[in-house]
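Working through the structure, step by step
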Amino acid sequence: MRLLHTSDWHLGRAFHRVNLLDAQAAFIDHLVATVREERVDAVLVAGDVYDRAVPPLAAVEVFDEALHRLAELGVPTVMISGNHDSARRLGVGAGLIGRAGIHLRTAPAECATPVVLADDHGDVAFYGLPYLEPALVKDEFKVKKAGHEAVLGAAMDRVRADLAARPPGTRSVVLAHAFVTGGEPSDSERDITVGGVESVPAAVFDGVDYAALGHLHGSQTLSERVRYSGSPLAYSFSEQHHRKSMWLIDLGPRGEIAAERIDCPVPRRLARIEGTLETLLADPELEGHEDAWVEATLTDPVRPAEPMARLSERFPHTLSLAFAPRRPDGVPEVSYAQRLKGRDDREIAEDFVAHVRGSGPDEHERAVLQDAFDDVRASEAVREVAR
């Protein structure tokens, strides 16, 4: 059975100030063409269909067109909700849409109810595990501690139990939206840390033939059977070197895996450039970046006049401008933004406590801070669900 694995469409998202809906619609064209040309048997979409819980109408229209075109091809599609989606909104009409071959899996309670498709070698059971927010689903899965590993592990226990009750030789595919250990993040994914822990081990997916993952935006192979497709478009300059693609997976009669990457269309290249303003305006080696979306970092010791306007004369698609002035020897070249880069909310709060008090928080205080941030994030998730 031939599968096309994609995820993280983020319909409705912009790249800095650039509207990407046309590029997202071009990706849908490419997806549909790939399904037709490669004779795909099933399409897998591993979450974050939309960029936010209440997407703009134009994004909904792109999604609606995608569903109609996939249904017209007669190729089944299995799709789950991600942490950016409103599971309840995305799942509206799932029963009716399923009759057209578009199978939406957005309810945690249904994670062990597979979509069963068949080929000449027997059945393939597709299990859709939507993004599982630990604070919201811990009761459903009867786990004592609300954490990603606990809830995802409990969901996979249900999957394995259902699979064990099926005829011998039934092959299995799981769609999941999570941060799995070994994956490489970028700057454009929303933090899903709980209790200071954000990742789950790849071993949680043991026992299934293929795990089609979503959430991380770079295409990655964690093992032969556990892969991220990544997002079809770049959503931050940290993805400058990503090769945006989908996985074309051939699932053999005994669960063998053969994988091939299918490149996605690139609306415009990304470029990060750094130097003094005069250097950037004159350096002939930067000629290849003149048609790219540009993030420029200026190192002038004094901020020059009208830097964005002057940069845009040579690089008309400059979208981001930062300043990192070169300082004399012995003076740290660390800006406030650089000091915060890569640090989560809890670490920033702990640094603030140390700055104000002269010493950092003790273990009890760290636990209080972490609980507070977890409660806020869970409350935001509850509000999104209720909207």
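Rules used throughout
- Numbers given to residues run from 1 along each chain, matching the order in which its sequence is written.
- Only residues with pLDDT of at least 70 are given local features in this predicted model, and only at 80 or more are side-chain atom pairs given and counted; all residues enter the totals for whole chains, interfaces and linings.
- Excluded from the side-chain calculations are hydrogens and water; all other atoms, namely the structure's heavy atoms, are used.
- UniProt positions are given in the numbering used here, feature names are shortened, and annotations may be inferred rather than shown by experiment.
- Put simply, DSSP marks the helices as runs of H or I at least four residues long and the strands as runs of E at least two long, and each gets a number from the N terminus on.
- For a compact globule the rule gives 2.2 Å times the number of residues to the power 0.38, and the radius of gyration it is set against comes from C-alpha atoms.
- Throughout this description, buried means an accessible area under 20% of the type-specific maximum (1.4 Å probe, protein chains only), exposed means over 50%, and partly exposed covers the range between.
- In this description, contact between two residues means that some pair of their heavy atoms is separated by no more than 4.5 Å.
- What sets the accessible areas is the Shrake-Rupley method with a 1.4 Å probe; for residues, cover comes only from the shown protein chains.
- At least two DSSP bridges between two strands are required for those strands to pair.
- The angle between two axes is taken between their N-to-C directions and runs from 0 to 180 degrees, where each axis is a line fitted to C-alpha atoms and a helix contributes only its stretch in contact.
- By definition, a salt bridge exists where a carboxyl oxygen of Asp or Glu is found within 4 Å of a side-chain nitrogen of Lys or Arg.
- Residues grouped as a nonpolar core are buried Ala, Val, Leu, Ile, Met, Phe, Trp, Tyr and Cys residues, joined through side-chain atoms within 4.5 Å.

As recorded in an unreviewed UniProt entry, the protein goes by Nuclease SbcCD subunit D and comes from Streptomyces monticola. Here the protein is described in UniProt, under the heading Function (unreviewed entry), as follows: "SbcCD cleaves DNA hairpin structures. These structures can inhibit DNA replication and are intermediates in certain DNA recombination reactions. The complex acts as a 3'->5' double strand exonuclease that can open hairpins. It also has a 5' single-strand endonuclease activity." Database annotation for the protein, UniProt heading Subunit (unreviewed entry): "Heterodimer of SbcC and SbcD."

A word on the overall build of the protein
On a plain count of helices and strands, the protein comes out with eleven helices and 19 strands. Expected size for 387 residues packed as a compact globule is a radius of gyration near 21 Å; at 23 Å, the protein falls within 12% of this value. Principal axes of the C-alpha set define a box for the protein whose edges measure 70 × 55 × 40 Å. Burial statistics for the protein: of 387 residues in total, 48% are counted as buried. In the protein, 69% of the contacts between residues at least 6 apart in sequence involve partners at least 24 apart. Counting only carbon and sulfur atoms, one obtains 51% of the accessible surface of the protein, whose full area is about 18,700 Å².

Quick look at the sheet that holds strand β7 (residues 115–119)
Hydrogen bonds along the backbone pair up the strands of a sheet, which may run parallel or antiparallel. Spatially, β7-β8-β9-β12-β14-β13 is the arrangement adopted by the six strands of the open sheet, whose pairing is mixed. Looking at which strands have only one partner, the edges of the open sheet turn out to be β7 and β13 (220–223). For this sheet the average axis-to-axis angle between neighbouring strands, irrespective of direction, equals 20 degrees. As paired elements, β13 and strand β14 (residues 226–228) share three bridges and run antiparallel to each other. Paired with Thr 221 across the bridge in β14 is Arg 227.

Describing the environment of Ala 14
In this structure, Ala 14 sits in strand β2 (residues 14–15). Ala 14 gets classed as partly exposed once you look at its relative accessible area, which sits at 36%. C-alpha of Ala 14 to C-alpha of Met 308: the two residues are 294 residues apart in sequence and 20 Å apart in space. For Ala 14, the contacting residues outside a window of four places in its chain are Asn 19 and Leu 20.

Comments concerning the side chain of Glu 350
Residue placement: Glu 350 occurs in helix α10 (residues 345–357). The residues contacting Glu 350, other than those within four sequence positions of it, are Pro 361, Arg 366 and Leu 369.

A short note on the pattern of salt bridges
Within this structure, the stated rule accounts for 20 salt bridges. Among the salt bridges present, the one from Arg 366 reaches Glu 363, with a minimum N-O distance of 2.9 Å. Here Arg 366 and its partner Glu 363 are both found in helix α11 (residues 363–386), three residues apart, which amounts to about one turn of the helix. Since its relative accessible area comes to 29%, Arg 366 is described here as partly exposed.

A word on the nonpolar core
Counting residues in hydrophobic clusters, the biggest one holds 31 residues, and the most contacted among them are Leu 129, Phe 141, Leu 152, Met 156, Val 174, Phe 205 and Leu 213. By residue number, the principal contributor to this core is helix α6 (residues 148–164), which donates seven residues. Leave out the neighbours within four places in its chain, and Leu 152 touches Leu 129, Leu 132, Ala 178, Val 200, Val 204 and Phe 205.

Re the sheet that holds strand β18 (residues 293–298)
Within the open sheet, the three strands sit side by side as β17-β18-β19. Their pairing is parallel. Single-partner strands in this sheet number two, and they are β17 (270–275) and β19 (318–323). Averaged over neighbouring strand pairs, the angle between their axes works out to 15 degrees when direction is ignored. Looking at chain direction, β17 and β18 are connected through six bridges and run parallel. Within β18, the position partnered with Leu 270 by the bridge is Trp 293. Across the sheet, helix α8 (residues 307–314) is in contact with β18 and β19; its angle to β19 comes to roughly 135 degrees.

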